[in-house]
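# A structural walkthrough
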Amino acid sequence: QVQLVESGGGLVQPGGSLRLSCAASGSIFSINVMGWYRQAPGKQRELVASITSGGSTNYADSVKGRFTISRDNAKNTVFLQMNSLKPEDTAVYSCNAGARRGFSSGYVNYWGQGTQVTVSS
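Parameters and conventions
- Within each chain, residues carry numbers counting from 1 in the order of the written sequence.
- Side-chain atom pairs in this predicted model are given and counted only at pLDDT of 80 or more, local residue features only at pLDDT of at least 70, and totals for whole chains, interfaces and linings cover all residues.
- Processing note: side-chain calculations cover all non-hydrogen atoms of the structure and skip hydrogens and water entirely.
- Joining through side-chain atoms within 4.5 Å is the link that ties buried Ala, Val, Leu, Ile, Met, Phe, Trp, Tyr and Cys residues into a set, and such a set is a nonpolar core.
- A 1.4 Å probe rolled over the protein chains alone gives each residue an accessible area, and that area as a share of the maximum for its type sets the label: buried under 20%, exposed over 50%, partly exposed in between.
- For helices the rule is a DSSP run of H or I covering at least 4 residues; for strands it is a run of E covering at least 2, with both sets numbered from the N terminus onward.
- Between the rings of Phe, Tyr and Trp (Trp by its six-membered ring), a pair exists once the centres lie within 6.5 Å; its type follows the angle of the planes, with under 30 degrees stacked, over 60 edge-to-face, and the other angles tilted.
- Criterion for a charge above a ring: Lys NZ or Arg CZ within 6 Å of the ring centre, and within 35 degrees of the ring normal.
- The term polar contact refers here to a pair of N or O atoms within 3.5 Å; inside protein, the definition further demands a hydrogen-donor-capable atom paired with an acceptor-capable atom, and it admits residues adjacent in sequence only when both atoms are side-chain atoms.
- In what follows, residue pairs with any heavy atoms lying within 4.5 Å of each other are defined as contacts.
- Strand pairing is defined by DSSP finding a minimum of two bridges between the two strands.

## Details of the nonpolar core
By size, the foremost hydrophobic cluster in this structure holds 31 residues, and its most contacted members are Trp-36, Leu-80, Met-82 and Tyr-93. Among the secondary structure elements, those contributing two or more residues to this core are strand 1 (2-7), strand 3 (18-26), strand 4 (30-39), strand 5 (46-51), strand 7 (67-72), strand 8 (77-82), strand 9 (91-100) and strand 11 (115-119). Counting residues per element, this core draws most heavily on strand 9, which supplies five residues.

## Side note on the packing of aromatic side chains
Within this structure, the stated rule accounts for two aromatic pairs. Relative to Phe-103, the ring of Phe-29 has its centre 6.2 Å away and its plane inclined at 85°; by these criteria the two rings are edge-to-face. With Phe-29 in the loop between strand 3 and strand 4 and Phe-103 in the loop between strand 9 and strand 10 (108-111), this pair connects stretches of sequence that are 74 residues apart. For Phe-29, a relative accessible area of 44% translates into the label partly exposed. For Phe-103, a relative accessible area of 65% translates into the label exposed. For the cation-ring pair, Arg-19 lies above Phe-79, with the distance from its terminal atom to the ring centre recorded as 4.4 Å. Above the face of the Tyr-37 ring, Arg-45 is positioned so that its terminal group lies 5.9 Å from the ring centre.

## As for the side chain of Thr-77
Of note, Thr-77 is situated in strand 8. The exposure class assigned to Thr-77 is buried, which follows from its relative accessible area of 11%. At a separation of 2.9 Å, a polar atom in the side chain of Thr-77 contacts the main-chain carbonyl oxygen of Lys-75. With residues up to four places along the chain from it excluded, the contact list for Thr-77 reads Cys-22, Ala-23, Met-34, Ser-70, Arg-71 and Asp-72.

## A look at the pairing of strand 4
Pairing geometry for strand 4 and strand 9, over eight bridges, is antiparallel. Considered in strand 9, the bridge of Trp-36 is made with Cys-95. As judged from the five bridges shared by strand 4 and strand 5, these two strands associate in the antiparallel manner. Note that in strand 5 the partner of Trp-36 across the bridge is Ala-49. Connecting the antiparallel pair strand 4 and strand 5 is a turn made up of six residues, with Gly-42 showing a positive phi of about 80°.

Structure follows, in structure tokens:
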């Protein structure tokens, strides 16, 4: 089994910064794409940012220029640096990873439990 554990959420004032981390552990052969999603109350879950094992990144338009995704492949960890936070960034942020458990195994999507980010004065 594969587990994803997030950390770094919390309460921050508008204009502040937070750094989220997500570590994948368990029976992992390789991980291709890792990403962060968020879901605000009453809204659908949306992709915030993703990064491939080669370092290619993709961002939602609403966070471009403010958020930066990165990863440490050796530690199966992905990070999300969030700057210039706005109240509309308030949501539960969840980590996602496409992982396989063997060379001949297919990739399976795994999710973390989510961490709350609240931006408020």
